Amino acid sequence: MTALNTPERAAPARPAADHAIVARGLRKHYGTDHKRIDALLGVDLHVRRGEVVGVLGPNGAGKTTLIEILEGIRPHDGGSARVLSVPVQDAAGMKRARRHIGIASQQSALPPLLTVRELLTLQRTLFGSAVDVGALIDELGLADKARERVGNLSGGQQQRVAVALALVGDPQLLFLDEPTSQLDPQARRAVWAVLERQRDTRNATVLLTTHQMEEAQRLCDRILVIDHGRVIAEGSPGELVEAHCPGRVISFKADGETLPDLGGFTAVLHTAGAERSVRVEVDDVPAALGLLVDRQRAGQLTLDGLRIERRTLEDVFLKLTGRQIRG
Ligand SMILES: Nc1ncnc2c1ncn2[C@@H]1O[C@H](COP(=O)(O)OP(=O)(O)OP(=O)(O)O)[C@@H](O)[C@H]1O
Ligand SMILES: [Mg+2]
């Protein structure tokens, strides 16, 4: 369990010069040949020190499996992985390396009877770190709950404690499996700010998973999209959008129920609550704008609330992984 994850106090594992994580051809299956689930089918991953890398993918894609193999808590079947220069199957080496690793699991079971401050102070002592527990509690908006037993906290508050536990050991490398999935928008932003500070002031490396595209866009230097156990795309958020959804979306308020005829451009009626807008996906923005202005002059439409936007990471995700819900 995260909280009682005792590190060994021997000499730290020497990290590779510039890579915190190197994985090649990682494979993992669950079950037997009779009922086999191939969770990872040859995943390559390189994470440089100081990089924030996000792993995106639908439910069941293999994200938690990947992260747990890299944490050294789940064995793999094939390929290789080194974390802070230590092969993940080297149990003694990983125990030493864990002195420099912070982990927030997708489902962490926290000791319910300790208070927030007691738990974080205990973890700090185990890791021999000098992190200011009070400051961390403040940064994560937990000051009012510092003397509360962890078991009495709400789900989102417990998730913030789990993130604080990952940070209180002063780690070089953070593994965060959906660290903000239960957080309200304010708390999510507080976690983002803490992680950005970890990178910018301490050159910490972060590997995180998330289903929130805004989070990936905001935090990640680089993103891996995985599906069915394979990496299907990789790049910075901007690179992924330009590579997979390069066009723009032009939108304006809809006049009524019917779509205007826009020649060769395909428009769709988009409804958000009581507001309706016309959305047109275009590659050639000037050509589309020219046509829209002509139609407006001819009295065929009004261009109220005209917007031109880039496609988003969510568009990329849906394009790459499909719109079908996963079992
Ligand atoms: N302990 C296990 N035993 C058997 N199958 C497992 C086990 N853990 C995961 N799986 C299966 O392996 C696949 C990958 O699961 P994993 O938890 O890595 O997905 P994920 O990408 O983290 O999904 P989510 O977004 O829902 O967290 C899934 O099909 C899952 O059912
Ligand atoms: Mg998962």
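Residues numbered from 1 in each chain as written. Chains lettered and ligands numbered in written order. Predicted model: local features only at pLDDT ≥ 70, side-chain atom pairs only at ≥ 80, totals over all residues. Heavy atoms only, no water.

## Details of the overall build of the protein
Check the secondary structure of the protein and you find 10 helices and 14 strands. Expressed along its principal axes, the backbone C-alpha trace of the protein runs to roughly 80 × 50 × 40 Å. The buried share of the protein, reckoned over its 327 residues, is 46%. Here the analysis covers contacts within the protein between residues at least 6 apart in sequence; of these, 69% occur between residues at least 24 apart. (Helix = DSSP H or I, 4+ residues; strand = E, 2+ residues; numbered from the N terminus. Buried < 20%, exposed > 50% of the residue type's maximum accessible area, 1.4 Å probe, protein only. Contact = heavy atoms within 4.5 Å.)

## Observations concerning the coordination of the magnesium ion (ligand 2)
The coordination sphere of the magnesium ion (ligand 2) contains the protein donors Thr64 (OG1) and Gln106 (OE1), at a distance range of 2.0 to 2.2 Å. Of this pair, Thr64 sits in helix H1 (residues 63-70) while Gln106 is found in the loop between strand S6 (101-104) and helix H3 (116-127), placing the two residues 42 residues apart along the sequence. For Gln106, a relative accessible area of 36% gives the class partly exposed. (Donors = N, O, S within 2.8 Å, 3.2 Å for Na, K, Ca; no water.)

## A look at the side chain of Ser129
In this fold, Ser129 is placed in the loop between H3 and helix H4 (133-139). For Ser129, a relative accessible area of 13% translates into the label buried. There is a polar contact of 3.2 Å between the side chain of Ser129 and the backbone nitrogen of Val131. Setting aside its immediate chain neighbours within four residues, Ser129 contacts Arg124, Val168, Gly169 and Asp170. (Polar contact = N/O pair within 3.5 Å; in protein donor to acceptor, adjacent residues only side chain to side chain.)

## Quick notes on the sheet that holds strand S11 (residues 248-253)
Read from one edge of the open sheet, 4 strands run S12-S13-S11-S14, paired in antiparallel fashion. The sheet is open, and its two edges are formed by strand S12 (267-272) and strand S14 (307-310), each paired on a single side. For this sheet, the mean inter-axis angle between neighbouring strands, taken without regard to orientation, is 30°. Examined bridge by bridge, S11 and S14 share 4 bridges and lie antiparallel to one another. The residue of S14 that forms the bridge with Ser251 is Arg307. (Pairing = 2+ DSSP bridges. Axes fitted to C-alpha atoms, helices over the stretch in contact; angles between N-to-C directions.)

## Here's the deal with the domain arrangement of the protein
The assigned domain composition of the protein is domain 1 (19-242) and domain 2 (247-310). For domain 1 and domain 2, the distance between their C-alpha centroids amounts to 42 Å. (Domains from an automatic or database assignment.)

## Points about the site of ligand 1
With respect to spatial proximity, 14 residues lie near ligand 1, and among them Gly60, Lys63, Thr64, Thr65 and His211 are the closest. A distance of 2.8 Å separates an oxygen atom of ligand 1 from a polar side-chain atom of Thr64. Note that an oxygen atom of ligand 1 is positioned 2.9 Å from one of the side-chain N or O atoms of Gln106. Notes on ligand 1: free accessible area 630 Å², of which the protein chains cover 65%. Secondary-structure elements contributing two or more residues to the shell around ligand 1 are strand S2 (36-48) and H1. (Near = heavy atom within 4 Å. Areas by Shrake-Rupley, 256 points an atom, 1.4 Å probe, with all protein chains shown as cover.)

## Details of the nonpolar core
Leu120, Leu176, Ile223 and Leu313 are the most contacted members of the largest nonpolar core, which has 46 residues in total. Looking at which element gives the most residues to this core, the answer is helix H5 (residues 155-167), with 6 residues. Apart from residues lying up to four places away in sequence, Ile223 is in contact with Gly54, Leu56, Ala216, Ala233, Glu234, Gly235, Pro237, Leu240 and Leu313. One finds Val55, Ile103, Phe175 and Leu224 within the second-largest nonpolar core, a separate group that totals 29 residues. (Core = buried A, V, L, I, M, F, W, Y, C linked by side-chain atoms within 4.5 Å.)

## Quick word on the sheet that holds strand S7 (residues 173-177)
Here 6 strands make up an open sheet; going across it, the order is S6-S7-S8-S3-S9-S10 and the pairing mixed. Edge positions in the sheet fall to S6 and strand S10 (230-235), since each of these pairs with one other strand and no more. Looking at each pair of strands side by side, their axes are set apart by 15° on average, direction ignored. For strand S3 (residues 52-56) and strand S9 (residues 222-227), the ladder comprises 4 bridges, and the chain directions are parallel. Looking at S9, one finds that Leu56 is bridged to Val225. Docked against the sheet, helix H10 (residues 313-321) engages S3, S9 and S10, running at close to 30° with respect to S9.

## Some points on the pairing of S12
Where S12 and strand S13 (residues 275-282) come together, 6 bridges link them in antiparallel fashion. In the strand pairing of S13, Thr271 is matched with Arg276.

## Some remarks on the packing of H3 against H5
Across the interface, H3 lies against H5 with an axial gap of 9 Å and an inter-helix angle of 20°. Between H3 and H5, the interaxial angle falls into the category roughly parallel. In this structure, H3 crosses over H5, and the sense of that crossing is right-handed. The segment H3 lies against H5, with Val116, Leu119, Leu120 and Gln123 engaging Val161, Ala164 and Leu165. Taken together, the residues of the contact of H3 with H5 break down into 6 nonpolar, 1 polar and no charged. (Parallel < 35°, antiparallel > 145°, perpendicular 65-115°, else oblique. Left-handed = near helix turned anticlockwise from the far one by under 90°. Nonpolar A, V, L, I, M, F, W, Y, C, P; charged D, E, K, R; others polar.)

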